[in-house]
Amino acid sequence: MVQNIQFINNKIVVPDEPIIPFIEGDGIGKDITGPSQRVINAAVAAAYGDYKKIIWKEVLAGKKAFELTGSYMPDETLDAFKEYLVGIKGPLETPVGEGIRSLNVALRQTLDLYACVRPFRWFKGVPSPIRYPELVDMHIFRENTEDIYAGIEFMTGNDKAIRFRDFLINELGVDQIRFPETSSFGVKPVSKEGSERLIRAAIQFAIRCELPSVTLVHKGNIMKFTEGAFKNWGYDLAESEFSHQTFTWRQYQLIEKQEGKAEANAAMSKAKSLGKVIVKDVITDAFLQESLLHPYDHSVIATLNLNGDYISDQLAAMVGGIGISPGANINYNSGYAIFEATHGTAPNIAGTGKANPSSLILSGAMLLEYLGWDKAAEHIYDALDHTFSKRRVTSDLFTMMEGATLLSTSEFADEIIRNIH
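It should be emphasised that the depicted structure is a prediction, and the values quoted were computed from it without experimental measurement.

Caption draft 1: Representation of the overall build of the protein. Counting secondary structure elements, the protein contains 15 helices and 18 strands. Expected size for 421 residues packed as a compact globule is a radius of gyration near 22 Å; at 23 Å, the protein falls within 12% of this value. By its C-alpha atoms, the protein is 60 × 60 × 50 Å across when sized along the principal axes. Expressed as a percentage of its 421 residues, the buried residues of the protein come to 51%. If you take every contact in the protein between residues at least 6 apart in sequence, the share linking residues at least 24 apart comes to 72%. Per element, the accessible surface of the protein, about 19500 Å² overall, is 51% carbon and sulfur. Once the 42 positive and 53 negative side-chain charges of the protein are each reduced to a mean point, those two points are 3 Å apart.

Caption draft 2: Highlighting the pattern of salt bridges. If you walk through the whole model with that rule in mind, you get 23 salt bridges. A salt bridge links Arg-250 to Glu-239, with the shortest nitrogen-to-oxygen separation between them at 2.8 Å. Of the two residues, Arg-250 is situated in helix 8 (residues 249–259) and Glu-239 in helix 7 (residues 227–241); the sequence distance between them amounts to 11 residues. Judged by its relative accessible area of 26%, Arg-250 falls in the partly exposed class. Overall, the relative accessible area of 24% leaves Glu-239 in the partly exposed class. Note that Glu-415 is salt-bridged to Arg-418, the shortest N-O span being 2.8 Å. With Glu-415 and Arg-418 both in helix 15 (residues 409–418) and 3 residues apart, the pair spans about one turn of that helix. Judged by relative accessible area, Glu-415 falls into the buried class, the value being 5%. Relative accessible area serves as the criterion here: at 53%, Arg-418 is assigned to the exposed category. In this structure, a network of salt bridges that share partners links the residues Glu-24, Glu-58 and Lys-64.

Caption draft 3: A look at unusual backbone geometry. Phi is positive for Leu-85, which is not a glycine, with a value near 70°. Of note, Leu-85 is situated in the loop between helix 3 (75–84) and strand 6 (86–89). On the accessibility criterion, Leu-85 (9% relative accessible area) is buried. Phi at Glu-210 takes a positive value of approximately 55°, unusual for a residue other than glycine. Topologically, Glu-210 is positioned in the loop between helix 6 (192–208) and strand 11 (213–218). We classify Glu-210 as exposed; its relative accessible area is 73%.

Caption draft 4: Quick look at the side chain of Ser-183. Relative to the helices and strands, Ser-183 resides in the loop between helix 5 (159–171) and strand 10 (185–186). There is a polar contact of 2.6 Å between the side chain of Ser-183 and the backbone oxygen of Phe-179. If sequence neighbours within four positions are ignored, Ser-183 has contacts with Thr-156 and Ile-177.

Caption draft 5: Quick peek at the packing of aromatic side chains. A complete count under the given rule lists 12 aromatic pairs for this structure. Geometrically, the ring pair formed by Phe-123 and Phe-388 is tilted, given 5.8 Å between the ring centres and 50° between the ring planes. One end of the pair, Phe-123, is in the loop between strand 7 (115–121) and strand 8 (137–143); the other, Phe-388, is in helix 13 (residues 374–389), and 265 residues separate them in sequence. You'll find Phe-123 and Phe-388 in the same group, each marked buried. Judged by centre distance (6.4 Å) and plane angle (25°), the rings of Phe-141 and Tyr-332 are stacked. Taken as a pair, Phe-141 in strand 8 and Tyr-332 in the loop between strand 15 (326–330) and strand 16 (337–341) lie far apart in primary sequence, 191 residues in all. Among the residues examined, Tyr-332 registers a relative accessible area of 24% and is labelled partly exposed.

Caption draft 6: View of the pairing of strand 7. Within strand 7, 6 of the 7 residues are buried, leaving the element largely enclosed by the surrounding structure. The pairing of strand 7 with strand 15 spans 3 bridges and is classified as antiparallel. Note that in strand 15 the partner of Cys-116 across the bridge is Asn-329.

Caption draft 7: Fine view of the state of the cysteines. The final tally for this structure, using the stated rule, is 0 disulfides. With no disulfide of its own, Cys-209 has Cys-116 as its nearest cysteine by sulfur position, at a separation of 17 Å.

Parameters at a glance
Per chain, residues are indexed from 1 in the order of the written sequence. Reporting of local features is limited, given that this is a predicted model, to residues whose pLDDT is at least 70; pairs of side-chain atoms are given and counted only at 80 or more, and all residues count toward the totals for whole chains, interfaces and linings. Just so you know, side-chain values use all the structure's heavy atoms and leave hydrogens and water out. Where helices and strands are cited, they refer to DSSP runs of H or I of at least four residues and of E of at least two residues respectively, numbered from the N terminus. C-alpha atoms define the radius of gyration in this analysis, and the globule rule sets the expected value at 2.2 Å times the number of residues to the power 0.38. The buried label applies to any residue whose accessible area, calculated with a 1.4 Å probe on protein chains only, is under 20% of its type's maximum; exposed applies above 50%, and partly exposed to all values in between. Two residues form a contact once any of their heavy atoms are found within 4.5 Å. For the area figures, the Shrake-Rupley method with a 1.4 Å probe applies, and any residue is considered shielded solely by the protein chains shown. As used throughout, the charge tally considers Lys and Arg to be positive and Asp and Glu to be negative, leaving His and the chain termini uncounted. Think of each charge as sitting on NZ of Lys, CZ of Arg, CG of Asp or CD of Glu. Here, a salt bridge means any Lys or Arg side-chain nitrogen found within 4 Å of an Asp or Glu carboxyl oxygen. Polar contact criterion, stated in full: a pair of N or O atoms within 3.5 Å, where within protein one must be able to donate a hydrogen and the other to accept it, and residues adjacent in sequence count only if both atoms are side-chain atoms. Side-chain rings of Phe, Tyr and Trp (the six-membered ring for Trp) are treated as a pair once their centres are within 6.5 Å; stacked means planes under 30 degrees apart, edge-to-face means over 60, and tilted covers the remaining angles. By this definition, two strands are paired if DSSP reports at least two bridges between them. In what follows, a disulfide is any cysteine sulfur pair within 2.5 Å.

Structure (structure tokens):
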């Protein structure tokens, strides 16, 4: 029986035949959406037979929406995501000259999808620039609504920029602006509430999935009252709300200072033996190196918006590229979640059959896990492992793999479906 997903007592309640709205997307969106849905449907059928299935409902955004409705983001699309809670989307272009900074950002801001969740794992056979990609198993929790992505900017020469500059100089006594007459300005809001809800979701995820650590990544050595506060609020949260389930690097340092290094190491060892999540922090630039040299030391990463943008692309490259990296934008307090292809629209290859649908397929697997249909998601992961290990791939990976077989987008989806057991 077809029903809507509901959010009751802070949990989503999923019927056997949920309606899932989807946005086809621009460029290669049309090429990858149908094949991805076929793979997801096959995985659900393999896991649950006729007992469960997804009812796909197309909603419009992007160029297709503009051509049909005159709007890049019709109200009906936002209403559908609000009604059905969970959806999935292909890549969208940002319209030029339409006053919308980004369709993706508009969706995140409107539905307050504060957590951008990006898991990174390596599949056998996929080319990687690092020596041991199999050691990469990380989950990014990137704050999605604050930081510079809030979009508060003033262009030099604009009346608001002049007024803002004068306020900083005359009212607040700011004297660090090197060239005030030609400066543009951006505001970086970082709130306690916004930081806490993101870090809380990351810690809860680590506890639920029995992962060993949460790393708070920040640039607090320079931006002490925004990124530094993010780190401190994270430690405060872990030590107050999750005191029985976590042990923080700050607690380790306090014990070391008061009782010595041996006692601090003993406390850390005891926490690990009890299965507690270790909460630590790393400065952003150091983390970019750390993730390359010691990826096994980090399992869940909680960070602010801009940092998360940089880190996500590096981790994607480490496991084979953004074309096989999934993503989701989630509000764990309301249940709203939109899963998405994390790459661009690639209009130069649209309609050629060259597009790799893996990012959207893997985002579909994340969607299945969010619904609690883990068995179906595992079918997708296993089938992709088999497909990549046989070197039967789309053109983006074909050029990097010796002895590979070139498949079109649709043929690649068929191959994955054949490998679902």
